[in-house]
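Read off the chains here:
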Amino acid sequence: MNEKIAPFLEGFATERFQRDLIQWFEREQRELPWRKETDPYKIWVSEVMLQQTKVDTVIPYFQQFMEQFPTLEALADADEEKVLKAWEGLGYYSRVRNLHAAVKEVKERYGGKVPDNVEHFSKLKGVGPYTTGAVLSIAYGIPEPAVDGNVMRVLSRIFLVWEDIAKAKTRTLFEAIVRAIIARDHPSYFNQALMELGALICVPRKPACLLCPVRSHCRAFHEGVQEQLPVKTKKAKGKEVDIVAAVVVDEKGRVLIHKRDSDGLLANLWEFPNCEVVSENRRQQLESFFLERYGVSVTLQFPFAALQHVFSHLVWNIVAYYGTIVGDVSETDRLKLVSEEELQQYAFPVSHQRLWEEYQKKATDEDKTVRRIVCE
């Protein structure tokens, strides 16, 4: 046994814990669309969607995604634009770009069959230890640990682990613990049960200990410190950036949109032209930006929206203007004039979806000045 985990497992009733946990899961598990699947591709998609996203949010996305891309080959052959559009609103778009690249590799290298071993599957783009453990245990019954935030919270309480879960070495510790206690004859239910326990019972604040099926195994509960665990250092506050944007239309009512760079934040998503604020006169700065960056002359009116969008490491404070295009626009693959109907075909980040909603809402007012937002 690993020397680092030996103290935690001393006196721990592993077989009874497995039985209590799995029997609870068999009784209480939620009916989720991906739990009806044995197709490793569909299980893989669900696990990627569930990373950093709530189950209730994922359900309709998963169902719609499967309608569009029912097989691994369908996703591998799909145009990136359609894939991003199907993911629109889920956020963390690098997830789906990595997934798209990985299924292409599976099609080319493994004949369309998701690898059933750790070495091959873990080397696919975007596949980390958690995804490896989740997909291989659920789809193939391989006893590989799947340690996410829910699982670390559960195990930190059960084993009274005071290590900071924000540190990589603590995740490694929990992976070693799971390798030692996983039910080798039922790894799928064991891993899913730990996740489910963290989602429904062993929640971050005020865990429902009296309903917990493994309460008798929980050292934190017996010492009355369950609400003090897990230990997690707080992230530094994200950098705030002021952004000025505009929804501008030509004489035909078409809207100008721009495609972001192919790498970096929100890569290859479409947006309304915008730039970081560096001048006190934001309107003038943005008009100059249109001309210098796109060769487009615009006249901006008043702001119609001011909103904040929070990323994990960054905060955008966005002010958006109405505007009209003066003269012609030279369209490219990354700069287009589209009708409102055509706009629906393009994938936008959530922040720019919100801008469009505000634009539509206020563009229908008979007197826009009544709803003017004073942002200057």
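Owing to the predicted nature of the structure, the values given are computational and were not obtained by experimental measurement. (Residues numbered from 1 in each chain as written. Predicted model: local features only at pLDDT ≥ 70, side-chain atom pairs only at ≥ 80, totals over all residues. Heavy atoms only, no water.)

Caption draft 1: Just the layout of surface pockets, in detail. For the largest pocket, the calculated volume is near 1,600 Å³. Taken together, the residues of the lining of the largest pocket break down into 17 nonpolar, 9 polar and 14 charged. Volume-wise, the second largest pocket comes out at about 290 Å³. Lining the second largest pocket are 15 residues, with Gly91, Tyr92, Leu265, Leu266 and Phe311 positioned closest to its centre. Within the residue set of the lining of the second largest pocket, elements represented by two or more residues are helix H7 (94-110) and strand E5 (297-310). Its residues assigned to classes, the lining of the second largest pocket shows 8 nonpolar, 6 polar and 1 charged. (1 Å grid on protein atoms, 1.4 Å probe; cavity = no way out; pocket = protein on both sides within 12 Å on 5 of 7 lines; lining within 4 Å. Points joined across faces, edges and corners; volume = space filled by probe spheres on them. Nonpolar A, V, L, I, M, F, W, Y, C, P; charged D, E, K, R; others polar. Helix = DSSP H or I, 4+ residues; strand = E, 2+ residues; numbered from the N terminus.)

Caption draft 2: Layout of the pattern of salt bridges. Enumeration over the complete set of coordinates arrives at 14 salt bridges. Of the charged contacts, one joins lysine 42 and glutamate 37 as a salt bridge, the two residues approaching to 3.9 Å between their closest N and O atoms. A relative accessible area of 18% places lysine 42 in the buried class. Accessibility expressed as a relative area gives 26% for glutamate 37, which makes it partly exposed. Taken together, the shared-partner salt bridges in this structure form one network comprising Arg30, Arg35 and Glu196. (Salt bridge = Lys/Arg side-chain N within 4 Å of Asp/Glu carboxyl O. Buried < 20%, exposed > 50% of the residue type's maximum accessible area, 1.4 Å probe, protein only.)

Caption draft 3: Seen up close, the UniProt feature "domain: HhH-GPD" (unreviewed entry) in the chain. Taking the numbering used here, the UniProt-annotated feature "domain: HhH-GPD" (unreviewed entry) corresponds to residues 49-200. As annotated, residues 49-200 comprises 66% helix and 0% strand, and the C-alpha atoms at either end are separated by 19 Å. (UniProt positions renumbered as here; feature names shortened; annotations may be inferred.)

Caption draft 4: Representation of the packing of helix H6 (residues 80-87) against H7 within the structure. Two elements in contact, H6 and H7, have axes separated by 10 Å at closest approach and are oriented at 140°. Taken together, H6 and H7 sit at an angle that is classed as oblique. Where H6 crosses over H7, the handedness of that crossing is right-handed. For the pair H6 and H7, the contacting residues are Glu80, Val83, Leu84 and Trp87 in the first and Arg95, Val96, Arg97 and His100 in the second. Tallied by class, the residues present in the contact of H6 with H7 amount to 4 nonpolar, 1 polar and 3 charged. (Axes fitted to C-alpha atoms, helices over the stretch in contact; angles between N-to-C directions. Parallel < 35°, antiparallel > 145°, perpendicular 65-115°, else oblique. Left-handed = near helix turned anticlockwise from the far one by under 90°. Contact = heavy atoms within 4.5 Å.)

Caption draft 5: Helix H10 (residues 149-158), seen in detail. Among the 10 residues in H10, 8 count as buried, and that is most of the element. For H10, the set of buried residues is Val151, Met152, Arg153, Val154, Leu155, Ser156, Arg157 and Ile158. Its buried side turned inward, H10 meets helix H2 (14-28), helix H11 (168-181), helix H12 (187-200) and helix H13 (219-223). The N-cap residue of H10 is aspartate 148: its side-chain oxygen and the backbone nitrogen of asparagine 150 are 3.2 Å apart. With its phi angle positive at about 55°, leucine 160 sits one or two positions after the end of H10. (Polar contact = N/O pair within 3.5 Å; in protein donor to acceptor, adjacent residues only side chain to side chain.)

Caption draft 6: Here's a closer look at the domain arrangement of the chain. Split by domain assignment, the chain resolves into domain 1 (5-228) and domain 2 (239-371). Spacing between the C-alpha centres of domain 1 and domain 2 amounts to 38 Å. Across the boundary between the two partners, domain 1 contributes 9 residues, which contact 16 residues of domain 2. At the boundary of domain 1 with domain 2, total buried surface from both sides reaches about 940 Å², with 48% on carbon and sulfur atoms. Considering only the side of domain 1, the residues that lose the most area to domain 2 are Glu81, Lys85 and Tyr93, jointly responsible for 48% of the buried surface there. When the shortest N-O distance is used, the salt bridge between lysine 259 and glutamate 81 registers 3.4 Å. In this structure, the connection of domain 1 to domain 2 is made through 8 residue pairs in polar contact (both at pLDDT 80 or more). (Domains from an automatic or database assignment. Buried area = accessible area lost by both parts, 1.4 Å probe.)

Caption draft 7: Broad picture of the pairing of strand E1 (residues 239-249). Within E1, 8 of the 11 residues are buried, which leaves the element mostly enclosed by the surrounding structure. Across 11 bridges, E1 lies against strand E6 (residues 314-326) in parallel orientation. Its bridge partner being in E6, valine 248 is matched across the sheet by glycine 323. Sheet topology note: the E1/strand E4 (residues 274-276) ladder contains 3 bridges and is antiparallel. (Pairing = 2+ DSSP bridges.)

Caption draft 8: Structural context of empty space enclosed by the protein. Enumeration over the complete set of coordinates arrives at 2 cavities of 30 Å³ or more. When its volume is computed, the largest cavity comes out at roughly 110 Å³. Around the largest cavity, the lining is made up of 15 residues, and of these Arg157, Cys202, Cys209, Cys212 and Cys218 lie nearest the centre. Considered class by class, the residues forming the lining of the largest cavity number 12 nonpolar, 1 polar and 2 charged. Of the volumes computed, that of the second largest cavity is approximately 30 Å³.

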